[in-house]
Number of protein chains: 2
Amino acid sequence: MSQSPKQSADRTAPTSADVARLAGVSRATVSYVLNNTATVRISDGTRRKVREAAEELGYVPHAAARSLRAGHTRMVLLPTASVPVGPLYSAFFDELQWALRRLDYTVVQYGSLGMEADEAARAWAELRPVAVVSSGEIALTPQGVEVLKRSGAKAVITLGAHRVEGAHALVLNQSEIGRQAVAHLVRRGRRRIGVIMPEERGLDFFSEPRLEGARQAAAGTGAEIVPLPLRYEEEPAAALAGRWRELGLDAVFSYNDEYAMLLMRALQDAGIDVPGETSVVGADDLLLGRLLRPRLSTVQIDMVIGRQLAELVDRVVRDPDGTPERHDLIAARLIPRESS
Amino acid sequence: MSQSPKQSADRTAPTSADVARLAGVSRATVSYVLNNTATVRISDGTRRKVREAAEELGYVPHAAARSLRAGHTRMVLLPTASVPVGPLYSAFFDELQWALRRLDYTVVQYGSLGMEADEAARAWAELRPVAVVSSGEIALTPQGVEVLKRSGAKAVITLGAHRVEGAHALVLNQSEIGRQAVAHLVRRGRRRIGVIMPEERGLDFFSEPRLEGARQAAAGTGAEIVPLPLRYEEEPAAALAGRWRELGLDAVFSYNDEYAMLLMRALQDAGIDVPGETSVVGADDLLLGRLLRPRLSTVQIDMVIGRQLAELVDRVVRDPDGTPERHDLIAARLIPRESS
């Protein structure tokens, strides 16, 4: 009844030979023009003829074929975040995209949900990206870095808490967030400080170093740190607030502003005065935290702009044999308000 | 001093010929085994030998080469959202990814920030995806759909408010959200209803149809709809609250729960009683809205699960010549609480 999908695709897809024929030039000229090859001199008139012919036929160059010829693509591959990303991350990612586009790279995000690290590295390598920026959820191994480099990736950059051999590192210094929060609480005379540890999947990458930073800030001050697992729901928050006095806590660093808002409401409903009986500090400086009464104290996170990451990608692609670099991507600053 | 990057990549990248040599089989056998070709019989022993040789050499198949042979990839391409995405979208996207993975597709997101629709379609076509799911920010044109199909995409599906000729449509019925909110306010006897229109880039794709739904719900009831532009910041919210009585409004549908929380705080600070003097309704049913006093009324959005989208992708890839389908992806339900 109908032709097979394969046949119909083959019949309609125009090739660069079709473009060359219509424009009256060689296939090599078509390739030079459409790939913006700067090293070959071609007149503006010829360029225009080729572009018009390509447009008329609906011809689109094949990135795969181009990458086979070039040995690599201009593709920068980022694994997709599988946890909800907030406005901070969105702004960072937007800027990274713009900056890479300006440098003539294409940003592609790869859904790596549920993959093991080496499995993910192989899947990424199949796309032959020229650069890979791996975020914290997939903990690249040195073997994974090697697989990517062998398949032509010139830049492998990890965004995360740990360095991986062979890769450049942008260190997301999460521990500084917990350190700032707890140092502030200790200065306010607090001595038994809870640290909320979200039970949701994927967040331990952020919460563990924040707890570590909290411990560092408390060390030698006489203050105690008490990790408090919590799901982001009203009932477990109410249950935790119900045990609050039994736990003997006088302060809490609540992972971020959303957990802080959840917990502060539960504490208030349980009759615990904030900040009189317990201080609460969040993180992220969300607008919503400023709308609460008492206004929420928070740790503001200044992310070094995406443009710097884009420049690192480009520098490493141009000089892939340089020594792995390390850059810190977060600066944290406590903003005291009324809740602490 | 050091060899050029290109040379070093060429020297170290193992090929399928290397794998064939080490395993003592033909290159065709290597290709069959590593691409999981089901139609060719190969013994388990041979499969193991090939896999071990590939592992030892660090060989990764080239997705581009495979796609050139096959005429297409198993790649499902989604444009990256350039507005902050909330937990609802994240859950939907996670499920879509899992479901497509199970059907042996790979999900790749393409950063299309700031691109024109046809420019974006051409850039996507260069990757030769077998399917494209385009979300609302890039309004695909019929020409864009044609470019994608000519380059081998078997399924082009739009996620958005409008249908595009030649593409299948998952309609995000945003207007239903405004309709539900305003129908509720009218039932409560409200007669002059503000509708918050965020001034942030990229949100009019959501806010315009919500306003349209609000107007539909008000039509013929005697209630008036007043669009209220607002930036998501405290100062403009305070300024709007300062003009509230002058505007003569007795209710507001606040785009979503975050804008509702911002505005409700500003109204309360301006001495306007909620819900006595003005009713407030949000949307999204965020946990945070339940923590406010008064508790925030909202429109809950039930998104049809990502698995159904994955099944649509797979069905259309297998039968690309079928009639374009249309499915509704959102059901909205009002949840009355204390603020209205």
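Residue positions are given per chain, counted from 1 along the sequence in the order it is written. For naming, the first written chain is A and the first written ligand is 1, with later ones following in the order written. A pLDDT threshold of at least 70 governs which residues receive local features in this predicted model, and a stricter bar of 80 or more applies before side-chain atom pairs are shown or counted, although totals over entire chains, interfaces and linings include all residues. The side-chain quantities take in all heavy atoms of the structure and omit both hydrogens and water.

Q: I'm lost on the overall build of chain A in this one. Help?
A: Secondary structure elements follow DSSP: runs of H or I of four or more residues count as helices, runs of E of two or more count as strands, with numbering from the N terminus. From N to C terminus, chain A includes 15 helices and twelve strands. Within chain A, buried positions represent 55% of all 340 residues. Only heavy atoms matter for contacts: two residues are in contact if any of them lie within 4.5 Å across the pair. Of the contacts formed within chain A by residues at least 6 apart in sequence, a portion of 72% connects residues at least 24 apart. Computed with a 1.4 Å probe, the accessible areas rest on the Shrake-Rupley method; for each residue, only the protein chains presented here act as cover. By element, 48% of the accessible surface of chain A is carried by carbon and sulfur atoms, the whole surface being about 14800 Å². Exposure classes here rest on a 1.4 Å probe applied to the protein chains alone. A residue is buried below 20% of its type maximum, exposed above 50%, and partly exposed in between.

Q: So what exactly am I meant to see when it comes to helix 7 (residues 117-126) of chain A here?
A: Given 3.6 residues per helical turn, the α-helix brings residues three or four places apart onto the same face. Buried residues dominate helix 7 of chain A, accounting for seven of its ten residues. At the C-terminal side of helix 7 of chain A, A:Arg128 shows a positive phi close to 50°.

Q: Help me out: how do you make sense of the packing of aromatic side chains in this one?
A: Here a ring pair, both rings aromatic, is described through the centre-centre distance and the interplanar angle of the planes. Between rings of Phe, Tyr and Trp, where Trp is taken as its six-membered ring, a pair exists when centres lie within 6.5 Å; planes separated by under 30 degrees are stacked, by over 60 edge-to-face, and by other angles tilted. Within the structure shown, the criterion is met by four aromatic pairs over all chains. Seen in terms of ring centroids, A:Tyr232 and A:Tyr259 are 5.2 Å apart; in terms of plane orientation they differ by 55°. Their pairing is tilted. Here A:Tyr232 is found in the loop between strand 7 (224-230) and helix 11 (234-242), whereas its partner A:Tyr259 is found in helix 13 (residues 257-269), with 27 residues between them in sequence. The exposure class assigned to A:Tyr259 is buried, which follows from its relative accessible area of 4%. Measuring from centroid to centroid gives 5.6 Å for B:Tyr255 and B:Tyr259, while their planes differ by 90°, and the two rings are edge-to-face. Summarising the burial analysis for this pair, B:Tyr255 and B:Tyr259 share the class buried. By the ring-pair criterion, three or more aromatic residues cluster together here, those being A:Tyr232, A:Tyr255 and A:Tyr259. Of note, B:Arg101 hangs over the ring of B:Trp98, and the distance from its end group to the ring centre comes to 5.9 Å. To sit over a ring, a charge needs its Lys NZ or Arg CZ within 6 Å of the ring centre and within 35 degrees of the ring normal.

Q: Is there a simple way to explain the sheet that holds strand 8 (residues 251-253) of chain A in this structure?
A: Within a beta sheet, neighbouring strands are joined by backbone hydrogen bonds and run either parallel or antiparallel to one another. Residue and element names in this part refer to chain A. The sheet built from four strands is open, its strands ordered 7-6-8-9 with parallel pairing. Each of the sheet's edge strands pairs with one partner strand only, and the pair in question is strand 7 and strand 9 (279-281). For this sheet, the mean inter-axis angle between neighbouring strands, taken without regard to orientation, is 25°. Here, a strand pair is defined by DSSP locating no fewer than two bridges between the strands. With three bridges connecting them, strand 8 and strand 9 associate as parallel partners. From the neighbouring strand, Val252 faces strand 9, where its bridge partner is Val280. Every axis in this analysis is a line fitted to C-alpha atoms, fitted for helices over the stretch in contact. Angles between the N-to-C directions lie between 0 and 180 degrees. Docked against the sheet, helix 9 (residues 175-187) engages strand 6 (192-198), strand 7, strand 8 and strand 9, running at close to 165° with respect to strand 8.

Q: Hey, could you run me through the side chain of B:Glu176 in this one?
A: If you trace the backbone, B:Glu176 turns up in helix 9 (residues 175-187). Within the structure, the side chain of B:Glu176 is placed 2.9 Å from the side chain of B:Gln180, a separation counted as a polar contact. Throughout this description, a polar contact denotes any pair of N or O atoms lying within 3.5 Å of each other; where both atoms belong to protein, one of them has to be capable of donating a hydrogen while the other can accept it, and for residues adjacent in sequence the pair is counted only when both atoms sit in side chains.

Q: Please clarify how the pattern of salt bridges should be interpreted in this entry.
A: Note on pairing: side chains with opposite charge can pair once their charged atoms come close. Within this document, salt bridges are pairs made up of a side-chain nitrogen of Lys or Arg and a carboxyl oxygen of Asp or Glu, the two lying within 4 Å of each other. Scanning all chains against the criterion turns up 30 salt bridges over all chains. Among the salt bridges present, the one from B:Arg179 reaches B:Glu176, with a minimum N-O distance of 2.3 Å. Here B:Arg179 pairs with B:Glu176, and both are found in helix 9, just three residues apart, close to one helical turn. Owing to a relative accessible area of 25%, B:Arg179 belongs among the partly exposed residues under this scheme. Because the salt bridges share partners, they merge into one network encompassing A:Glu234, B:Asp285, B:Arg290 and B:Arg337.

Q: What's the story with unusual backbone geometry in this structure? I'm lost.
A: Apart from glycine, the bulk of residues carry a negative phi angle, and the bulk of peptide bonds sit in the trans form. Note that the residue after A:Arg293, namely A:Pro294, is joined by a cis bond; omega there is -5°. By the secondary structure assignment, A:Pro294 is in the loop between helix 14 (287-291) and strand 10 (298-303). Of the consecutive residues B:Val274 and B:Pro275, the connecting peptide bond is found in the cis state with omega at 10°. The residue B:Pro275 is located in the loop between helix 13 (257-269) and strand 9 (279-281) in this model. Phi at B:Asp104 is positive, roughly 75°, even though this residue is not glycine. Residue position: B:Asp104 is located in the loop between helix 6 (87-102) and strand 2 (106-110).

Q: Any chance you could explain the nonpolar core here in plain terms?
A: What tends to happen in soluble globular proteins is that the nonpolar side chains get buried as a cluster. Among the buried residues, those of types Ala, Val, Leu, Ile, Met, Phe, Trp, Tyr and Cys that are joined through side-chain atoms within 4.5 Å form a nonpolar core. Counting 60 residues, the largest nonpolar core has A:Ile196, A:Leu228, A:Trp244, B:Ile196, B:Leu228 and B:Trp244 as its most contacted members. Beyond its immediate stretch of four places on either side in the chain, A:Ile196 contacts A:Leu228, A:Leu230, A:Leu240, A:Val252, A:Phe253, A:Ser254, A:Tyr255, A:Tyr259 and A:Leu263.

Q: Explain helix 4 (residues 44-57) of chain A here, please?
A: All names here are of chain A. In this model, helix 4 (14 residues) spans 20 Å end to end at C-alpha, consistent with the 20 Å of a helix rising 1.5 Å per residue. The set of residues buried in helix 4 consists of Thr46, Arg47, Val50, Ala53 and Ala54. Seen along its axis, helix 4 keeps its buried residues to an arc of 130°; they face one direction. More than 90 degrees from the buried face of helix 4, the exposed residues found are Asp44, Arg48, Glu52, Glu55 and Glu56. Here the buried face of helix 4 lies against helix 2 (16-23) and helix 3 (27-34). Downstream of helix 4 by a residue or two, Gly58 has a phi angle that is positive, lying close to 70°. Multiply 1.5 Å by the residue count of a helix minus one, and that product is the helix's expected span. Relevant arc is that of directions from the helix axis to the C-beta atoms, nothing else.

Q: Help me understand empty space enclosed by the protein in this model?
A: Which parts of space are left empty comes out when a probe the size of a water molecule is rolled across the atoms. Residues and elements named next belong to chain B. A cavity here means a set of 1 Å grid points, computed over protein atoms only, where a 1.4 Å probe fits but cannot escape. A pocket is an open set with protein on both sides within 12 Å along at least 5 of 7 lines, and lining residues have an atom within 4 Å of a point. Grid points are joined across faces, edges and corners, and a volume is the space filled by probe spheres set on the points. Counted by the stated rule, this structure contains two cavities of 30 Å³ or more. Considering only enclosed or pocket space, the second largest cavity measures out at about 50 Å³ in volume. Counting only elements with at least two residues in the lining of the second largest cavity, the list comes to helix 6 and strand 2.

Q: Please explain the environment of A:Leu286 as it appears in this structure.
A: Residues and elements named next belong to chain A. Residue placement: Leu286 occurs in the loop between strand 9 and helix 14. Between the C-alpha atoms of Leu286 and Asn256, which are 30 residues apart in sequence, the distance is 9.1 Å. For Leu286, the residues in contact, after removing those within four places along its chain, are Asp257, Glu258 and Met261.

Q: What's the story with the packing of helix 11 of chain A against helix 13 of chain A in this structure? I'm lost.
A: Two numbers describe a pair of packed helices, the interaxial angle and the distance between the axes. Residues and elements named next belong to chain A. At a closest axis distance of 8 Å, the pairing of helix 11 and helix 13 adopts a crossing angle of 50°. Accordingly, the angle class assigned to the pair helix 11 and helix 13 is oblique. Considering only the axes of helix 11 and helix 13, their crossing is right-handed. Within the contact between the two elements, helix 11 uses Glu234, Ala237, Ala238, Leu240 and Ala241 and helix 13 uses Leu262, Leu263, Ala266 and Leu267. Between 65 and 115 degrees an angle is taken as roughly perpendicular, under 35 as roughly parallel, over 145 as roughly antiparallel, and anywhere else as oblique. Whether a crossing is left-handed or right-handed is set by the direction in which the near helix is turned from the far one by less than a right angle, anticlockwise for left-handed and clockwise for right-handed.

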